[in-house]
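Reading the structure
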Amino acid sequence: NPVTDVIGSALYGEVKIGPELFSLEGKIIVEKYFGQLDVAYNATFEGEWQGQNYEHPKGEFEQVFGASYEVTPNLSFGAELTHTIEFPDYTSQTDDVVYVGPNVSWKKNRLFATVTPVWQVTDVEDEANFQVRLIFGFEF
């Protein structure tokens, strides 16, 4: 619990299996509230193998750092920084890609939504210059 514990933490895992896809993803999340300020860090590594015999490997390491300030009990504003490195064949890596942008979060009862538009601040031509992420959820 990021409110009562020194640091809130979670581990997340995901497996995808298909006829020509096998993927493993692991994520660690740490979070801490300082009054109305919420600070979080996520580190994710995803390994993926594609093709008939899974002969095309690819990996990705991503770090996300974010901070949000709770303006009202239902509304928060903040910023995020995302850093991603891809490993196309596990023997080399692509250029580091960094995105930065604001975030807005809304919650009401057990519903919540966060939208984060981010812009690339590095100059990697093969990556999008702008992205938008929307997370919508229901606590149960």
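Everything in this summary refers to the structure shown in the same document. (Residues numbered from 1 in each chain as written. Predicted model: local features only at pLDDT ≥ 70, side-chain atom pairs only at ≥ 80, totals over all residues. Heavy atoms only, no water.)

Quick notes on the overall build of the protein chain
To keep it simple, the criterion reads: In this text, helices come from DSSP runs of H or I with a minimum length of four residues, and strands from runs of E with a minimum of two, each type numbered from the N-terminal end. In this scheme, a residue with accessible area under 20% of its type's maximum is buried, one over 50% is exposed, and one in between is partly exposed, where area comes from a 1.4 Å probe on protein chains only. Only four residue types enter the tally: Lys and Arg on the positive side, Asp and Glu on the negative side; His and the chain ends are excluded. A single reference atom marks each charge: NZ on Lys, CZ on Arg, CG on Asp, CD on Glu.
Along its length, the protein chain carries zero helices and eight strands. For the protein chain, the succession of helices and strands along the chain, N to C, is β-β-β-β-β-β-β-β. Overall size of the protein chain, expressed as C-alpha extent along the three principal axes, is 50 × 35 × 25 Å. Burial status across the protein chain gives 26% buried among its 140 residues. Across the protein chain, the centroid of the 8 positively charged side chains sits 15 Å from that of the 22 negatively charged ones.

Here we look at the side chain of T82
Rule in force here: Any two residues whose heavy atoms approach within 4.5 Å at even a single point are treated as in contact.
Counting through the fold element by element, T82 comes out in strand 5 (residues 75–87). Setting aside residues up to four positions removed in sequence, T82 forms contacts with E62, Q63, V64, V97, V98 and Y99.

Side note on a nonpolar patch on the surface
We count it as follows: Nonpolar side chains (Val, Leu, Ile, Met, Phe, Trp, Tyr) are joined into patches within 5 Å and like charges within 9 Å, using only residues with over 30% relative accessible area and no salt bridge. Computed by Shrake-Rupley with a 1.4 Å probe, the accessible areas treat only the displayed protein chains as cover when residues are assessed. Any Lys or Arg side-chain nitrogen found within 4 Å of a carboxyl oxygen on Asp or Glu counts as a salt bridge.
Nonpolar side chains collect at one region of the surface, where F34, L37, Y69, V71, F77, V104, V115, W119, F130, V132 and L134 lie side by side and expose about 1,000 Å² of accessible area between them. Among the elements of the structure, strand 4 (56–72), strand 7 (111–120) and strand 8 (130–138) are those that each provide at least two residues to the nonpolar patch. The dominant element in the nonpolar patch, judged by the number of residues it contributes, is strand 8, at three residues. The partly exposed category is assigned to F77, whose relative accessible area is 41%.

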